Every structure is written in C-alpha cells, then in structure tokens.
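Spelled out from the first residue to the last, the chains are:
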Amino acid sequence: MSSDNDVEMRHRNVCEIIANAAQEAGRAANATALCAVSKTFPADAIEPVIALGQKIFGENRVQEAEGKWPDLKAGHADIELHLIGPLQTNKTRNAVALFDVIQTLDRPKLAQSLAKEMEKADRRLPCYIQINTGEEPQKAGISPREADDFVKACRDDYQLDIAGLMCIPPQNEEASPHFALLADIAARNGLTGLSMGMSADYPLAIEFGATIVRVGSAIFGPRTQTV
Ligand SMILES: *Cc1c(COP(=O)(O)O)cnc(C)c1O
C-alpha cells in the first residue's frame, strides 16, 4: 500500500511533467487536461487524489465504477467521470446515468444505443470516438479508413456531441505514428479533442497535441489486479 504522501508526490510530479511537455511543445501549460485513471483502486485510494484538486477521473468498467463513484461524486459535485473502457450496449443506460464523458464510442450499434439513452435521460454527454490506429483485430475502435464516415454518422444520424478522438496504440510499437495519425484524423474532421497518452508515453502524446492524457499507475502506483 502506498501512503497518501506518495500519491500526492506522484500526482504533483505528473502535473509538472504535463506542464513541461506542453511548454516544450510550444503549447499553453493548461492545454492538456489530466484524466486520473482510478480503475482497480478503491474509494479510499481515490479520496486523497480528489483532495489534491484533481477533477477528471477515468474508469474502464461500468460495474466497478458504480461500486465507488456514486458516493464519491455525491461529496464532490465538480468531478468529471470519464468512461475509458469498452461499453456493452446492455450497460449503456447505466453508463449514461453515472459517467460525464464517454471516451470509447467504437461502433454504430453503440452510437445508436447512446443516442437513445441520452435522449431518454436528457443527458447529452460529450463522446470521444475510439480509433483503432494500429488496426489490431483484438482491439476495439473504428478503423482509420472508416473514421471520417463514422464521425459524420455520429453527428448527422445520431446527433451525438463528438468532442474528439481517442486511441490506445499497440503495445510493442513506437507510439508517435499512432498519435500523429489520430491528430490527423481529428484535424480533417474538425475535431479538437485528442485523448491519447498513458503513464508510459503521456509527454510524447502532449508533443503530438493531446488535449487529455489518461494516467493511472504514474499517479496511483502499480495495479495489482489485471484489467
Ligand atoms: C488503464 C488505462 C489507462 C491508464 O494506464 P496507465 O498505464 O496505468 O497509465 C489509460 N487508458 C486506458 C484506456 C486504460 O484502460
């Protein structure tokens, strides 16, 4: 177990690295938001990070998030909770009720389901479209070739609020071509949001224009559970 002190140091360190990377890239110090990925960590590990002023958190499972975030959010009205893991359509209603941003819109059926549930709940959440930049068969996301059509369908057919694009580069590859590709697809579709970069590569992602990085272990420490 790491102490609150360790978490505070790690969080501060990540914030400094973000500001420095932005400065080196000639971007504003606050051009990139930090999404603190709290998956697998219990509420009492998350509380100290909320206490540091961290507002944006990411979880990758609806059910796990439902176990801890309703209470955490009740005490902190300005928290913004992002879904960063795959969403099954039978969980869409619950996801729309709990989360504030959906980062993993990855198929037409989910776009349709999100549109329906957001309408019903009268909660129009910003969504990021997940792009499978490496075209990996086992990974979720829209193929880069189909991205433009899908962005258009999400906007025109489903009237979704598309905030930007998200990617998870292949594990054993240089990430920069994937970050560059995501930025390219976003630019040609008039999208400004770029969710890219994790603990291992967020400074690089900022260099390539990330507007939000998803950082877990560099803040919370190593995860003992696999996800
Ligand atoms: C777990 C996870 C992260 C954070 O990973 P770290 O390497 O711990 O920073 C970021 N994005 C997604 C989609 C994740 O599932």
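Residues numbered from 1 in each chain as written. Predicted model: local features only at pLDDT ≥ 70, side-chain atom pairs only at ≥ 80, totals over all residues. Heavy atoms only, no water.

Before going further, it helps to examine the overall build of the protein chain. Counting its secondary structure elements, the protein chain contains nine helices and eight strands. Relative to the 2.2 N^0.38 estimate, which gives 17 Å for 227 residues, the radius of gyration of the protein chain is 17 Å and therefore close to what a compact globule would have. Taken over the C-alpha atoms alone, the protein chain extends approximately 50 × 40 × 30 Å along its principal axes. For the protein chain, the proportion of its 227 residues judged to be buried stands at 49%. For the protein chain, the proportion of contacts with a sequence separation of at least 24, taken over those separated by at least 6, is 60%. Of the roughly 11000 Å² of accessible surface on the protein chain, a fraction of 47% belongs to carbon and sulfur atoms. (Helix = DSSP H or I, 4+ residues; strand = E, 2+ residues; numbered from the N terminus. Rg over C-alpha atoms; globule rule 2.2 N^0.38 Å. Buried < 20%, exposed > 50% of the residue type's maximum accessible area, 1.4 Å probe, protein only. Contact = heavy atoms within 4.5 Å. Areas by Shrake-Rupley, 256 points an atom, 1.4 Å probe, with all protein chains shown as cover.)

A surface patch of negative charge is lined by Asp4, Asp6, Asp44 and Glu47. Of all elements in the fold, only helix 1 (4–24) and helix 2 (43–51) reach the threshold of two or more residues within the negative patch. By the secondary structure assignment, Asp6 is in helix 1. (Patch = residues over 30% accessible without salt bridge, like charges linked within 9 Å, V, L, I, M, F, W, Y side chains within 5 Å. Salt bridge = Lys/Arg side-chain N within 4 Å of Asp/Glu carboxyl O. Lys, Arg positive; Asp, Glu negative; His and termini not counted. Charge placed at Lys NZ, Arg CZ, Asp CG, Glu CD.)

Space inside the largest pocket adds up to approximately 860 Å³. Of the residues in the lining of the largest pocket, the class split is twelve nonpolar, eight polar and seven charged. (1 Å grid on protein atoms, 1.4 Å probe; cavity = no way out; pocket = protein on both sides within 12 Å on 5 of 7 lines; lining within 4 Å. Points joined across faces, edges and corners; volume = space filled by probe spheres on them. Nonpolar A, V, L, I, M, F, W, Y, C, P; charged D, E, K, R; others polar.)

Around the ligand sit Val37, Lys39, Ile84, Met166, Ile168, Met198, Ser199, Arg214, Val215, Gly216, Ser217 and Arg223, and that is every residue in its neighbourhood. Note that an oxygen atom of the ligand is positioned 2.8 Å from one of the backbone N or O atoms of Ser217. Alone, the ligand offers 390 Å² of accessible surface; in the complex the protein occludes 89% of this. Judged by the proximity of its atoms to the pocket grid, the ligand belongs to the largest pocket. (Near = heavy atom within 4 Å. Polar contact = N/O pair within 3.5 Å; in protein donor to acceptor, adjacent residues only side chain to side chain. Sits in = over half its atoms within 2 Å of the grid points.)

Phe57, Trp69, Leu105, Leu114 and Ile129 are the most contacted members of the largest nonpolar core, which totals 61 residues. Ignoring anything within four residues of it in the chain, the contact list for Leu114 reads Leu87, Thr92, Val96, Ile102, Leu105, Cys127 and Leu160. Judged by nonpolar contacts, the second largest core, of six residues, contains Cys35, Ile56, Val101 and Ile212. (Core = buried A, V, L, I, M, F, W, Y, C linked by side-chain atoms within 4.5 Å.)

With that settled, consider helix 1. For helix 1, which comprises 21 residues, the first-to-last C-alpha distance of 30 Å matches the rise-based estimate of 30 Å (1.5 Å per residue) to within 8%. Taken residue by residue, helix 1 has Val7, His11, Val14, Ile18, Ala21 and Ala22 as its buried positions. Viewed end-on, helix 1 has its buried residues packed into an arc of 100°, placing them on one side of the element. Opposite its buried face, helix 1 presents the exposed residues Asn5, Met9, Gln23 and Glu24, each directed more than 90 degrees away. (Expected span 1.5 Å × (residues − 1). Arc of directions from axis to C-beta.)

All right, on to the packing of aromatic side chains then. Overall, the coordinates contain three aromatic pairs when judged by the stated rule. Between Phe41 and Phe220, the ring centres sit 5.1 Å apart and the planes meet at 25°, which makes this aromatic pair stacked. Taken as a pair, Phe41 in the loop between strand 1 (33–37) and helix 2 and Phe220 in helix 9 (residues 217–220) lie far apart in primary sequence, 179 residues in all. Classification of Phe41 by relative accessible area gives buried; the value is 12%. For Phe220, a relative accessible area of 3% gives the class buried. On the basis of an interplanar angle of 55° and a centroid distance of 6.5 Å, the ring pair of Phe179 and Phe208 is categorised as tilted. Note that Phe179 is positioned in helix 7 (residues 176–188) and Phe208 in the loop between helix 8 (202–207) and strand 8 (212–215), a separation of 29 residues in sequence. Using a relative accessible area of 29% as the deciding quantity, one classes Phe208 as partly exposed. (Phe/Tyr/Trp six-rings, centres within 6.5 Å; stacked < 30°, edge-to-face > 60°.)

Keep in mind these values describe shape, not function.
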